Amino acid sequence: MKEETFDMSRCIPVELGRLLQSDVNEDPFYRDDGLCVVGVFGKSSAQPSPLKESIINSLSDKHVFTLFGAPEEDVHIQAVYQQESRVLYLLLSTVADSRETLVRAAASLNASEASTGHSDAHELWSGLDRAHCLHVLYLFSVCHVLLLVSPNQSFDVTYDRLFRALDALRQKALPLIRAAIKDCPVSKEWKLNCRPCPPRLLFVFHMNGSLKVNSNGGDSGSSDKPKKHSPRRRLQHALEDQIYRIFRKSRVLTNQSSNCLFTVPANQAFVYVMPSLDEDPVGGLISQLRSNCIMSEPDTTIVPVSGPRRYQQMRHSNRQFGVGGESAFSTSMGGQLADCSLKDFLWQHVELVLTKKGFDDSVGRNPQPSHFELPSFTKWIQIASKLHQVLIKNTEEDIAELAAKVQSQHKVLEGFLDADTKFSENRCQKALPLAHSAYQSNLPHNYTTTVHKNQLAVALRVYSQHARGVAFQRYALQLHEDCYKFWSNGHQLCEERSLTDQHCVHKFHLLPQPGEKPDVDRNPPVLNHNSRGRSTSSCNCGRKQAPRDDPFDVQAANYDFYQMLEEKCCGKLERIEFPVFQSSTLDPAPATNTQTNQTPRPPRPPSPNEASGDADRAKEPPSTAPTTHTPAGQTHTPADTSLSLALSLGQSTDSLGPYGDGEENQHKRPSLVDRQPSTVEYLPGMMHSGCPKGLVPKFSSWSLVKLGPAKSYNCHTGLEQPGFLPGSSFLLPWDLVIRSRSEEDPATALTDSLEGGTSSWPAPNKSLASKRGSTGGLGRGRRRDDMARVFVGFEYEDSRGRRFISCGPDKIVKVLGPGGAKEPASRVLNTDMPLYIPSPSQGRSLKPNYAQLTRLYVVVPDASLEVTLNPQVQPGPAPCPLFHPEQTELQLPSDGLWVLRFPFSYCAERGPCYPPKENQPLGHYKVLRGILKATTANPAPQ
């Protein structure tokens, strides 16, 4: 749709796209005359030298273009119509025009636009090169004469590659262009060849200051006879020979001009060298004035040189041609032929077009005449508009499919224009096999992601040493994909890690479903995880050892192995069962969002006031916390363990404080711990301090069994179980004084107790003093049964099944003679015991072998004592949660040898807590103090 109207009598530059879509107001006097179209393209220099715009100014004798113009696009064509001379100039501006590019860059900086990154620079330039090729092909399809402008006096040989690419693209797109212009009012030859004539290509070079000559035109310092041609004209002849030879060698120019992309004249000059600007403007004006004032006669002594080729005859011809009969090559003083102007140089070719003579540029023995047509301005607008829509910018729907097909022929240009990419691709393709070899060197058959990444880094380093160019990134991604395909095609090792932080040795596989058997032949195979790691562990009670595989899930680590050994060893022992999930639905689900946002803190030791409060609460009647003894093979279920509160051993020693009359009818307050567990949702991991209340797991990772009565432990022989190191199976004594009533008046004893007499709390690790001041004995007024001895032992076990009892955080029990262990248990009860310690026998392995706290032995005598068990384990550095059994504050029944088995592995919802690695501090892995508490259980006085 026509939107604008242009008055073509005004010689002003107009963007070609706007011109073709607008109404043209042409003078009726020139409407039927023919039109010569001259295209100008090439490169401009950033130096202060004449630009392509200045060439149009010189040819039109008007100041058409300003010095600095702000281009609207990176690649665009501007049209200048000189109606009087019937010449339409088409000026192609691209990013090769350095000055325009700098103007656009400055405008982009002022607008604060984001600059293009280095990775996108090549793609940007490739797109601009393709657009430039299409615009040049458009000029070769609508112009009669073309001017190729070069910023210096050297011919750029890259144009040879450009013209070969354009010729190949034109041959591919010729059928599509014919279909686009089949309805245009032009001749059949034009529709067949898709151009008015084979365009004639002329070359314009800019001379720099290094080729200046003397003002008289002769060579400086030469004593020979003055030559007929000036140095500039001799340079033009040399460039013509060079250009013609290059194009003939590359088959851009052939004998038949109708088959070529362009032609060059055989008997006319087609190279013009523009002289450089004089540094002395005043001297230059005087020289021009002097040359214009001198009258010169034509030199008739110059005889043209004949030769076999018409092209050579053209070079040495002294014929005179010009505009309006004016001599273009008139002789100057000194006998040299005068140089013509740029307008005279161009006009000798334009006249052949305007006079409808055409170009006869075919050479050879049988030259074939080429077609020629001189269209009117209206006809040229119609066909130029169709070609513009097909080759450059599509604006109509009916020709969109045709334009898309022409645009799809861009691949023809890649082999000619993108030489950098072609070189880079060849180079990168040669580097890929070297990188593949580096990746596959010294690889096991199956390997993990870490090995894959390390080998990939080696392959990329080898690749970067050989690969170059713009294709580097693309082939680097291909190297990534190739290495990943090689790894995943039967070489990928199972990435699952065991609870001891060892990966599975099988290749990538699937786990068998319930009731499904392993199948190695499937792809991927169906197998159970296996790290080939084996260790020796003891059962719940510790009397039987068996080898075990490295576990990969918590149930196999903390439940299945011990259940297997219970059938052979400790299945009939008395035990205290921890509460587990009891489903009330057919399809129970694990609880979600079980992680709390608060980081659990380890309990602090109680203050003296809190300790006295605990002692007061210990005065509650024992009838509220009954412990039922059951036959062998049955379980104990404490009804209320939260009532058996006692003095924390963080503040006490081997002595047990007195108890007095308290509020016997006081009932405990309900707490969240005592709520009934859910029967719909179960806890997916283990119990720890961050778990929500009211959820329990499907199985317990802890075990509490009774080996026998208290007398079943002999302090002189120790634990008679396998795997213990010599002399390290003895439990530590924990002496507790039971404050029984004195034989004297009860009121006196109570008064002594309140006034801090001899019945008051003893100092830690101090024996009681009698009323007479003696330091030994139990005193006169006391019975013999007021002293009770509890035995405690923290057992450690390493991966080889070697076991020992620890008497301190860094000490192992060693009893060499009869009598049992002498160290008191207060040391291990008042400190945080480490969860892992170095094993006393490391073996030949370079890696440290750690022994893990596995069991806690407690011998509760048949006395008036209440021993409460409250284990809390921190298996890692903060903010690791504190793990504990499903029921805390467990009261151990009297007269029994109880064994608390700790979990083999600790796992929360976020994942397992791995054992410490080499050079990791062991202080973060610990069992908190206060694991045992004790209080008296005497009946209330009558």
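Worth saying up front: this structure is predicted, and the values here are computed from it rather than measured.

## A word on the side chain of His 144
Here comes step 1: Along the polypeptide, His 144 turns up in the loop between helix 4 (118-142) and strand 7 (145-150).
Here comes step 2: Here the side chain of His 144 touches Glu 373 through a polar contact of 3.2 Å, landing on its backbone oxygen.

## Description of the pairing of strand 5 (residues 76-82)
Here comes step 1: Among the seven residues that make up strand 5, seven are buried, leaving the element largely enclosed by the rest of the structure.
Here comes step 2: Taking every second residue as pointing to the same face, both faces of strand 5 are buried, with His 76, Gln 78, Val 80 and Gln 82 on one and Ile 77, Ala 79 and Tyr 81 on the other.
Here comes step 3: Both strand 5 and strand 6 (residues 87-93) contribute to a ladder of seven bridges, which runs antiparallel. When the sheet's bridge partners are listed, Ala 79 is paired in strand 6 with Leu 90.
Here comes step 4: What sits between the antiparallel neighbours strand 5 and strand 6 is a turn of four residues, in which Arg 86 has the positive phi angle 60°.

## Description of the environment of Cys 913
Here comes step 1: With respect to the element layout, Cys 913 can be found in strand 30 (residues 911-913).
Here comes step 2: Distance in space between the C-alpha atoms of Cys 913 and Cys 880 is 8.3 Å, their sequence separation being 33 residues.
Here comes step 3: The contact partners of Cys 913, leaving out residues within four places of it in the chain, are Pro 875, Cys 880, Phe 883, Tyr 906 and Cys 907.

## What to know about helix 2 (residues 52-60)
Here comes step 1: A large share of helix 2 lies buried, amounting to seven of its nine residues.
Here comes step 2: Residues of helix 2 that are buried include every one of Lys 52, Glu 53, Ile 55, Ile 56, Asn 57, Leu 59 and Ser 60, and no others.
Here comes step 3: Phi turns positive, to about 55°, at Asp 61, one or two residues after helix 2.

## Overview of the sheet that holds strand 4 (residues 36-42)
Here comes step 1: Reading across the sheet, the seven strands line up as 2-5-6-4-7-8-9 and stay open at both edges, with mixed pairing between neighbours. This sheet does not close on itself; its edge strands, each paired only once, are strand 2 (14-15) and strand 9 (271-274).
Here comes step 2: As paired strands, strand 7 and strand 8 (residues 200-206) are joined by six bridges and run parallel to one another. Bridge pairing links Leu 146 to Leu 201 in strand 8.

## Some remarks on the sheet that holds strand 26 (residues 873-875)
Here comes step 1: The three strands are arranged 22-31-26 in an open sheet whose pairing can be described as antiparallel. With partners counted over all chains shown, the strands left at the sheet margins are strand 22 (833-834) and strand 26, one partner each.
Here comes step 2: Where strand 26 lies against strand 31 (residues 925-927), three bridges are found, and the strand directions are antiparallel. Bridge pairing in strand 31 places Gln 874 opposite Lys 926.

## Some words on the confidence of the model for the chain
Here comes step 1: With 71% of its residues at a pLDDT of 70 or more, the chain has an overall mean of 75.
Here comes step 2: Within the model, the stretch residues 214-223 combines pLDDT values under 50 with nine contacts to residues more than four positions away or in other chains.

Rules and cut-offs
Residues numbered from 1 in each chain as written. Predicted model: local features only at pLDDT ≥ 70, side-chain atom pairs only at ≥ 80, totals over all residues. Heavy atoms only, no water. Helix = DSSP H or I, 4+ residues; strand = E, 2+ residues; numbered from the N terminus. Polar contact = N/O pair within 3.5 Å; in protein donor to acceptor, adjacent residues only side chain to side chain. Buried < 20%, exposed > 50% of the residue type's maximum accessible area, 1.4 Å probe, protein only. Pairing = 2+ DSSP bridges. Contact = heavy atoms within 4.5 Å. pLDDT = per-residue confidence, 0-100.

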